[in-house]
Amino acid sequence: MSNYDYDLITIGAGSGGVRASRLAGGYGARVAVCEEDRVGGTCVLRGCIPKKLLIYGAHYADYMEDAKNYGWTFDGVKHDWRKLIENKNAELSRLNSIYLNILKNNNVDLKEGRGVLIDGHTVEVGGKQLTTENILIAVGGWPSMPDIPGIQYAISSNEALELPVLPRRMVIVGGGYIAVEFAGIFSGLGVDVTEIIRADNILRGFDNDMRVSLFEEMGKRGITIRTETEVRGIEKDGAIFHLRLGNEEIIETDCVMYATGRNANTKELGLEFAGIEMRSNGSIKVDEYNRTSQPHIYAVGDVTDRIQLTPVAIQEGHAVADMLFNNNTRTTDYKNVPSAVFSTPPIATIGLTEEEARVKYDKVDIYDSNFKPLVHTISGRDERSFMKLIVEPKSDVVVGCHMMGTDAPEIIQGIAIAMKCGATKAQFDSTTGIHPSSAEEFVTMRSKRD
Ligand code: NDP
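Now for a description of the structure that goes with this document. What you are looking at is a predicted structure, and each value in this text was computed from that prediction instead of being measured. (Residues numbered from 1 in each chain as written. Predicted model: local features only at pLDDT ≥ 70, side-chain atom pairs only at ≥ 80, totals over all residues. Heavy atoms only, no water.)

The topology assignment puts Arg446 in the segment after helix H12 (425–429). As for Arg446 and Tyr367, which are separated by 79 residues in sequence, their C-alpha atoms are 7.4 Å apart. At a separation of 3.2 Å, a polar atom in the side chain of Arg446 contacts the side chain of Asp429. Within the local environment of Arg446, its side chain forms a polar contact with the backbone oxygen of Val443, the two atoms lying 3.3 Å apart. (Helix = DSSP H or I, 4+ residues; strand = E, 2+ residues; numbered from the N terminus. Polar contact = N/O pair within 3.5 Å; in protein donor to acceptor, adjacent residues only side chain to side chain.)

Shown next, in the form of C-alpha cells:
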C-alpha cells in the first residue's frame, strides 16, 4: 500500500467518474470522489435522463391526437408543466440516491466540493488537501455560448429543464443534438418554436438523407427552422426578447435558448500545477489508455472531447479502473459506436454516413426505405419513417445503418450488435423479419438505389 491517503481520487461524479470509482473501490482500492454538485453528472442531472423524461411528456400530445382516429375522445385535456418538472425532479433525486448508495457500497469516500489539483499527487477539496497515487479527471462539459451582445439573456439546456413556466414562443439557436431535441420537446408541449442555425441544415455530420428527412418532419410539426442565419445580438424589453439577425431583421420571442455546443469543464481545476496538456478548446489530451501527459493522471468522458456520449464515458471509466486495479489493460473501441438524437421523430445511427462511405470506398451500395408506419395509416399523423443501409459491395459488409422514425434508437441498438459482429447484407437478408413492425424493413430491403 502506498503512503498516499488514497490510491485514486476522481474529480467529478458523473457517469465516467462514478463507474471508475465504484469499480476501483470494488477491486479493493482506496478511492475518493470529489463532486461540487449532486452526484450523477450531466447525464443524470442535466442531460440524457431529464431530457428524455420531458420528451416522453411531450409525446403524449401526439398520442392523444393519434388516438382520436382509433376511436378515443378526450374532454378537457390540459397539460401541467409544473407537475411534469416536479415528477422529473423526483426521479432525478431517486437516481441521485442510487448513485450515492453505489459509491457507499463500494467503499468510495464522497468529498463534497470542487476538487482542485495542487500538484500531481495532491487534490484540495472542501478546504482539505488529500494525497493520492492516481488521479482521474472526469469533470465533463458545460454549455458554451458565443460572445454576442445580450447573450446573458439566453438560457442553456440546464435552465430549459427547469423553466418555471412554459413560454408561448421560443427561439433555439443551434442545430445540433440538444437544439433539435429541445425543439421537439417544446413544440410538442405547444410552444411556438423557431430554430436558428448558421448552416444550411441541422445535425452536421449525420447522414444527409437523415438530416433532410428530419428537417422536413420538424417543419410538418410547425417548427420554423431559419437556415444560414446569424444572431448578432439580443435585447430585452420587459418580458420580451428581440433578436437582431445578420440581415438586420428583428425576431421577437419570450425565451431564447442557446445550444451551440459544450466546452470541457477544465477552468480553475489546477491542471497547470500538475503539468497536464490541454487542447486549445480546453479539453484534456489523453492517449488510448486515457492517460494524460502525466502518466498517473487519467481523464475520461466529455472533458477529453472524444465522443461525447454517456456510454462511451462509462466504458472509458471502466477501462481505467480495470487497468489500475484489476490487472486488465485495455483500450476502448470507438468503431461503430451507435448513437441517437431524441428529436421528434428520433434519429439513430451506427457506422458510416453515405458521404463518409463514398470517400472511404470506391463503390458503395445504398438500400433505403421511406414509408408511412402502419400505426399512422389510421391515426392520420403525417409522419414518415426512413431507413437506410450502406453496404461495401466487395465484402458485402454493412458499414452504415441509419433510421429516422419512431423507435429508431430501440431498433438501431439491436442492429449495432450485428454490425459489431461484421454482419453482411446477405446475413441481414437471411434474417427473418418480425411482422408487422417497422424494424423488419431492415431485413427486407432488396433493391439497391440507382
Ligand atoms: P453539437 O456540437 O451537437 O451542436 C452544436 C450546434 O451549435 C451546431 O449546430 C453548430 O453549428 C452550432 N453552433 C456552434 N457554435 C455556434 C455559434 N457561435 N453560433 C451559432 N451556432 C453555433 O452540440 P450540442 O450542444 O447540441 O451537444 C453537445 C454534445 O453533447 C453533442 O455533440 C453530443 O455528443 C452530446 N449530446 C448527445 C445527446 C444524445 O446522445 N442524444 C444529446 C445531447 C447532447 P454548425 O453545425 O454549423 O457547426
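Additional details are given in the paragraphs that follow.
Before going further, it helps to spend a moment on the site of the ligand. Near the ligand you find 19 residues, and of these Gly175, Ile178, Arg198, Arg204 and Ala340 are the closest. Here Glu181 contributes a side-chain N or O atom positioned 2.9 Å from a nitrogen atom of the ligand. Ala340 places a main-chain nitrogen or oxygen 2.7 Å from a nitrogen atom of the ligand. Protein coverage of the free-state accessible area of the ligand, which is 910 Å², stands at 76%. (Near = heavy atom within 4 Å. Areas by Shrake-Rupley, 256 points an atom, 1.4 Å probe, with all protein chains shown as cover.)

Time to look at the layout of surface pockets. Once rolled over the atoms, a probe with the size of a water molecule shows which space is left empty. In this model, the second largest pocket occupies a volume close to 370 Å³. If you go around the second largest pocket, you meet 20 residues; those closest to its centre are His59, Tyr63, Pro346, Thr406 and Asp407. Looking at which element gives the most residues to the lining of the second largest pocket, the answer is helix H3 (residues 48–68), with seven residues. (1 Å grid on protein atoms, 1.4 Å probe; cavity = no way out; pocket = protein on both sides within 12 Å on 5 of 7 lines; lining within 4 Å. Points joined across faces, edges and corners; volume = space filled by probe spheres on them.)

A few words on unusual backbone geometry. In this chain, Thr344 is followed by Pro345 through a cis amide linkage whose omega measures -5 degrees. Assignment of secondary structure puts Pro345 in the loop between strand S17 (339–341) and strand S18 (347–351). Looking along the chain, the bond that leaves His435 and enters Pro436 is cis, with omega of -5 degrees. You can see Pro436 is positioned in the segment after H12. For Leu203, which is not glycine, the phi torsion reads 55 degrees and is therefore positive.

Tracing the sequence through the fold places Asp333 in the loop between helix H8 (310–325) and S17. Once the C-alpha coordinates of Asp333 and Gln315 are considered, the two residues, 18 residues apart in sequence, prove to be 8.9 Å apart. Beyond its immediate stretch of four places on either side in the chain, Asp333 contacts Gln315 and Lys420. Within the structure, Asp333 has its side chain in polar contact with the backbone nitrogen of Lys335 (distance 2.9 Å). Only 2.7 Å separates the side chain of Asp333 from the side chain of Lys420, close enough to count as a polar contact. (Contact = heavy atoms within 4.5 Å.)

Bringing the packing of aromatic side chains into the picture now. Given two aromatic rings, one states the distance between the centres and the angle between the planes to describe the pair. Applying the stated rule across the entire model yields five aromatic pairs. Ring geometry for Tyr177 and Phe206: centres 5.5 Å apart, planes at 70 degrees, overall edge-to-face. With Tyr177 in helix H6 (residues 177–188) and Phe206 in the loop between strand S9 (192–196) and helix H7 (208–220), this residue pair connects regions lying 29 residues apart in the sequence. Exposure remark for Tyr177: the relative accessible area of 31% places this residue in the partly exposed category. The buried category is assigned to Phe206, whose relative accessible area is 12%. Among the aromatic residues, those joined into a ring-pair cluster are Trp81, Phe182 and Phe186. (Phe/Tyr/Trp six-rings, centres within 6.5 Å; stacked < 30°, edge-to-face > 60°. Buried < 20%, exposed > 50% of the residue type's maximum accessible area, 1.4 Å probe, protein only.)

Our next topic: the sheet that holds strand S12 (residues 240–245). Read across the sheet, three strands follow the order S11-S12-S13 without closing on themselves; strand pairing throughout is antiparallel. Strand pairing shows two members of the sheet lacking a second neighbour, strand S11 (231–237) and strand S13 (250–253), which therefore form its edges. Looking at each pair of strands side by side, their axes are set apart by 25 degrees on average, direction ignored. Pairing of S11 with S12, which is carried by six bridges, proceeds in the antiparallel orientation. (Pairing = 2+ DSSP bridges. Axes fitted to C-alpha atoms, helices over the stretch in contact; angles between N-to-C directions.)

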